[in-house]
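A structural walkthrough
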Amino acid sequence: MANDQPPLLLRGGAVFDAESRAFRPGVDVLCSGGRIAAVRAGAAAPGGATEWDCTGRWLIPGLIDCHVHITSAGDPNEMTNARGEPLPVRAWKAAEYARRTLQAGITAVRDLGAAEHLNIQLAGAVESGLVEGPRILAAGLGVTMTGGHGHGFIAREADGPDEVRKGVREQLRAGAKAIKLFASGGVMTPGVDPRSPSFTEDEMRAGVEEAHKAFRVVAAHAQATEGIKNAIRAGVDSIEHGVWLDDEAIGLMCERRTYLVPTLTAPHHIYHGGLAAGIPPFMVEKARQVLEDHIASYRAALKAGVRVAMGTDQGTPLNRPGDNAQEIVRMAEHGLSPAAALLAATAWAADLLRLQGECGRIQEGLAADLLVLRADPIEDVASLNRPENIDAVVKAGRIVAGQAAKRRTNEPA
Ligand SMILES: [Zn+2]
């Protein structure tokens with residue numbers, strides 16, 4: 001979409017700098033043609049620019065969620081119910097979830113699995129300007145073994161390296177910009193034990209090879225220890241969940257520079273919402289089994305220096321579109337410093353998704369995706385998850401949401 005936005009000059013805010021992990025006060029940010037044209041004090045306003053006084057405000061890059069299912073609401077029993085719903089209805093709902101996600105300050109996501117390639121279609125609709133939403137790197141369907149986690153709703157079944165290869169190629173043909181492989185069982189599929197590995201290392205390697213040949217980043221759903229190791233050895237870019245990490249797995253992740261996307265939010269809501277919220281009993285029971293070990297694994301990975309990026313697994317029960325920033329709060333609560341948690345949801349997330357040349361930092365030349373905040377997120381990381389603290393959500397140089405946007409809409413013409 002052509003960007004004919006007038007330039008936007010954000011004056012005098014404190015701007016988050018990824019390298020020093022701190023805010024630099026009194027900086028102007030000039031957005032022009034959808035990109036960041038200048039980041040310095042005393043930037044000159046080009047003709048026709050809209051100027052915005054950001055004194056007393058904090059500017060951070062737009063947030064990036066590396067693991068969502070944006071076409072899902074996060075209803076307790078959605079997995080079963082959604083299947084009966086006509087596809088157009090699901091598409092309209094998905095458009096609304098994309099809008100909510102962007103309004104909450106999430107300007108880019110990686111979608112790791114949706115039926116009917118709905119995530120790929122949604123990504124295209126956002127890109128063409130038809131639907132308002134974050135930038136979406138969509139995986140299409142995940143690829144899983146016969147009867148493996150995700151089968152029948154967000155994954156295509158495949159057995160043996162050649163079939164995995166074909167499964168990945170099918171997603172690429174459909175327009176996938178990321179690839180998802182299932183290396184172990186999980187919580188949300190009935191009858192599948194999260195402790196059981198699924199694809200063999202050879203199967204995983206075939207999938208990774210196909211994805212990397214096409215310059216796509218590969219995520220492995222991996223909860224079981226052996227599944228995690230198969231995935232790392234096969235060369236995936238990120239381990240999603242990483243529930244049962246042992247020392248060897250952590251050592252391999254450090255060595256191979258594999259990211260961990262812990263998705264602490266997913267089991268949290270399944271367990272704490274529980275049966276009372278209408279979540280199926282088998283899921284609640286499995287969430288109970290993973291909860292404590294999951295947090296222990298995450299802490300051990302942090303201690304060893306494993307690279308992390310933020311992902312919510314939004315779309316799992318009670319894990320709603322627009323509530324994504326809760327994961328940043330949880331990552332900080334369980335051991336990451338607030339500045340590092342912010343990096344995990346911005347610069348580091350962009351690095352994992354190979355978007356470092358596109359977004360994730362407030363830096364000249366990158367897309368003008370940023371948030372203007374009313375509270376310092378390093379002082380109060382939980383403020384990121386309170387919409388009233390977001391003064392503006394800027395995507396490609398345009399204010400698309402936030403309190404400031406509301407004020408403007410209410411102004412008399
Ligand atoms: Zn997921």
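Residues numbered from 1 in each chain as written. Predicted model: local features only at pLDDT ≥ 70, side-chain atom pairs only at ≥ 80, totals over all residues. Heavy atoms only, no water.

A word on the overall build of the protein chain
Assigned secondary structure in the protein chain consists of 13 helices and 17 strands. The globule rule puts the C-alpha radius of gyration for 413 residues at 22 Å, and the 21 Å found for the protein chain is close to it. Across the 413 residues that make up the protein chain, the buried fraction comes to 59%. Taking as baseline every contact in the protein chain between residues at least 6 positions apart, the subset at least 24 positions apart corresponds to 68%. With the model as given, the accessible surface of the protein chain reaches about 15,700 Å², and the carbon-plus-sulfur share is 50%. Computed over 44 positive and 50 negative side-chain charges, the separation of the two mean positions in the protein chain equals 3 Å. (Helix = DSSP H or I, 4+ residues; strand = E, 2+ residues; numbered from the N terminus. Rg over C-alpha atoms; globule rule 2.2 N^0.38 Å. Buried < 20%, exposed > 50% of the residue type's maximum accessible area, 1.4 Å probe, protein only. Contact = heavy atoms within 4.5 Å. Areas by Shrake-Rupley, 256 points an atom, 1.4 Å probe, with all protein chains shown as cover. Lys, Arg positive; Asp, Glu negative; His and termini not counted. Charge placed at Lys NZ, Arg CZ, Asp CG, Glu CD.)

Quick word on the coordination of the zinc ion
H67 (NE2), H69 (NE2) and D313 (OD) make up the full set of protein donors to the zinc ion, lying at 2.0 to 2.1 Å. Judged by relative accessible area, H69 falls into the buried class, the value being 8%. (Donors = N, O, S within 2.8 Å, 3.2 Å for Na, K, Ca; no water.)

Considerations on the domain arrangement of the protein chain
In terms of domains, the protein chain is made up of domain 1 (8-62 + 360-410) and domain 2 (63-352). On the domain 2 side, the residues contacting the 25 residues of domain 1 number 29 residues. Across the domain 1/domain 2 interface, buried area totals approximately 2,100 Å², and carbon plus sulfur atoms make up 67% of it. Where domain 1 meets domain 2, there are three salt bridges. Counting residues per element, the ones that place at least two in the side of domain 1 that touches domain 2 are β5 (58-61), β16 (390-395) and β17 (398-401). Looking at which element gives the most residues to the side of domain 1 that touches domain 2, the answer is β16, with four residues. Class assignment for the residues of the side of domain 1 that touches domain 2 results in 17 nonpolar, three polar and five charged. (Domains from an automatic or database assignment. Buried area = accessible area lost by both parts, 1.4 Å probe. Salt bridge = Lys/Arg side-chain N within 4 Å of Asp/Glu carboxyl O. Nonpolar A, V, L, I, M, F, W, Y, C, P; charged D, E, K, R; others polar.)

Considering the side chain of K229
The topology assignment puts K229 in helix α6 (residues 225-234). Not counting residues within four places of it along the chain, the set of residues in contact with K229 comprises D246, E248, A249 and L252.

Some thoughts on the sheet that holds strand β8 (residues 135-138)
Reading across the sheet, the three strands line up as β6-β7-β8 and stay open at both edges, with parallel pairing between neighbours. The sheet is open, and its two edges are formed by β6 (63-68) and β8, each paired on a single side. The mean inter-strand angle of the sheet, taken between neighbouring strand axes irrespective of direction, is 15 degrees. One ladder, built from four bridges, connects β6 with strand β7 (residues 106-111); its direction is parallel. What sits directly across from I64, in β7, is A108. (Pairing = 2+ DSSP bridges. Axes fitted to C-alpha atoms, helices over the stretch in contact; angles between N-to-C directions.)

A few points about the environment of A38
Tracing the backbone shows A38 in strand β3 (residues 35-40). On the basis of relative accessibility, which here comes to 3%, the residue A38 falls in the buried class. In sequence terms A38 and Q363 are 325 residues apart; their C-alpha atoms lie 7.7 Å from each other. Contacts of A38, omitting those with residues within four sequence positions, involve D28, V29, L30 and E364.

Considering the packing of helix α4 (residues 161-174) against helix α5 (residues 201-213)
Relative orientation of the contacting elements α4 and α5 amounts to 30 degrees, with a least axis distance of 8 Å. Regarding the angle of α4 to α5, the classification is roughly parallel. As for how α4 packs across α5, the hand of that crossing is right-handed. Listed contacts from α5 to P161, V164, R165, V168, R169 and L172 of α4 are D202, E203, A206, G207, E209, E210, A211 and K213. Split by residue class, the contact of α4 with α5 holds six nonpolar, one polar and seven charged. (Parallel < 35°, antiparallel > 145°, perpendicular 65-115°, else oblique. Left-handed = near helix turned anticlockwise from the far one by under 90°.)

Concerning the pattern of salt bridges
Under the definition given, this model contains 29 salt bridges. Note that R205 and D202 form a salt bridge whose closest N and O atoms lie 3.7 Å from each other. A residue pair is termed a helical-turn pair when its members lie 3 or 4 positions apart in one helix, as R205 and D202 do in helix α5 at three residues. Judged by its relative accessible area of 31%, R205 falls in the partly exposed class. Note that R374 is salt-bridged to D391, the shortest N-O span being 2.9 Å. Taken together, the residues span a long stretch of sequence, with R374 in the loop between β15 (370-373) and β16 and D391 in strand β16 at a distance of 17 residues.

Some thoughts on helix α8 (residues 265-273)
Turning to α8, its buried residues are T265, A266, P267, H269 and I270. Taken together, the buried residues of α8 touch α9 (281-304) and α10 (326-333). Just beyond α8, the residue with positive phi is G274, at close to 60 degrees.

Side note on a negative patch on the surface
A surface patch of like charges, here negative, comprises E157, D159, D162 and E163. With respect to the helices and strands, the residue D162 is situated in helix α4. Owing to a relative accessible area of 61%, D162 belongs among the exposed residues under this scheme. (Patch = residues over 30% accessible without salt bridge, like charges linked within 9 Å, V, L, I, M, F, W, Y side chains within 5 Å.)

Notes on the packing of α6 against helix α7 (residues 247-256)
Closest axis-to-axis distance for the α6/α7 pair is 10 Å, and the angle between their directions is 20 degrees. Considering their axes alone, α6 and α7 lie roughly parallel with respect to each other. Viewed along their axes, α6 and α7 form a crossing whose handedness is left-handed. Where α6 abuts α7, its residues I228, K229, I232 and R233 lie against E248, A249, L252, M253 and R256. When the residues that make up the contact of α6 with α7 are grouped by side-chain class, the tally is five nonpolar, no polar and four charged.

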